[in-house]
Amino acid sequence: MGARGELFTTQIHLDNRSYFFNVKENRTGDVFLQIVESKNRDGAETDRHQIAVFSEDMQKFLQGMEKSLDFIEKDRKARQKAAREKRAAKDAMYAKGNSSGKKIYRVKSDKTSEKVDDGIKRTGRIHVVSKKVTES
């Protein structure tokens, strides 16, 4: 048995996080998996979170993990399919009546037909005018 009851350990390093998978044994001889997430914050500080899963609960834990991974995969595929269908519908809508093969893009019309001259020149960019208060 290693330091602090460690039987086996492995780690995965990502961008700003590290995950440690430690198989440990406590004083009573129970074997468990400890998963530790270590996240770097502000250079010197480290934020650590951990969970422990005991060996008798490991099958249920893995079943829950597997169901979650299956859902994530199905959701990812459904989102990709929806994006492809949306893109195809959009392409079909803009290509309707266009036999030359060129794409036709829709231009948004200006809905404000009445323009009010308030003395401000509008160029399309944001312009902030500060009003100075003069003391009298």
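Let me begin by describing the structure that accompanies this report. (Residues numbered from 1 in each chain as written. Predicted model: local features only at pLDDT ≥ 70, side-chain atom pairs only at ≥ 80, totals over all residues. Heavy atoms only, no water.)

Okay, the overall build of the protein chain next. In terms of regular secondary structure, the protein chain is built from one helix and four strands. Written out in order from the N terminus, the α and β elements of the protein chain read β-β-β-β-α. A burial count over the protein chain gives 10% of its 136 residues as buried. Long-range contacts, defined here as pairs at least 24 residues apart, represent 8% of the contacts in the protein chain between residues at least 6 apart. For the protein chain, the computed accessible surface area is about 13,100 Å², with 53% contributed by carbon and sulfur atoms. (Helix = DSSP H or I, 4+ residues; strand = E, 2+ residues; numbered from the N terminus. Buried < 20%, exposed > 50% of the residue type's maximum accessible area, 1.4 Å probe, protein only. Contact = heavy atoms within 4.5 Å. Areas by Shrake-Rupley, 256 points an atom, 1.4 Å probe, with all protein chains shown as cover.)

A few words now on the pattern of salt bridges. Counted by the stated rule, this structure contains three salt bridges. Taking the shortest distance from any N to any O, the salt bridge between R17 and E37 comes out at 2.4 Å. A residue pair is termed long-range when its members are at least 10 positions apart, and R17 in strand 2 (residues 17-25) and E37 in strand 3 (residues 31-41) qualify at 20 residues. Taking the relative accessible area as the measure of exposure, R17 reaches 28% and is therefore partly exposed. For D75, the salt bridge goes to R79, with nearest N and O atoms at 2.9 Å. On the criterion of helical spacing, the pair formed by D75 and R79 is a turn pair, its members being four residues apart in helix 1 (residues 58-95). For R79, a relative accessible area of 59% corresponds to the exposed category. (Salt bridge = Lys/Arg side-chain N within 4 Å of Asp/Glu carboxyl O.)

An order of 1-2-3-4 is seen for the four strands of this open sheet, with the pairing classed as antiparallel. Two strands in the sheet have a free side with no partner beyond their single neighbour: strand 1 (6-13) and strand 4 (45-54). Pairwise comparison of adjacent strand axes, ignoring direction, gives a mean angle of 15° for this sheet. (Pairing = 2+ DSSP bridges. Axes fitted to C-alpha atoms, helices over the stretch in contact; angles between N-to-C directions.)

A few words now on a nonpolar patch on the surface. On the surface, a nonpolar cluster with roughly 430 Å² of combined accessible area is contributed by M65, L69, F71 and I72. You can see L69 is positioned in helix 1. (Patch = residues over 30% accessible without salt bridge, like charges linked within 9 Å, V, L, I, M, F, W, Y side chains within 5 Å.)

Bringing the pairing of strand 2 into the picture now. Sheet analysis places strand 1 next to strand 2, joined by seven bridges and oriented antiparallel. Note that in strand 2 the partner of F8 across the bridge is V23. Counted along the chain from strand 1 to the antiparallel partner strand 2, the turn is three residues long. Bridge count for strand 2 against strand 3 is nine bridges, and the pairing is antiparallel. Counted as the bridge partner of F21 is I35 from strand 3.

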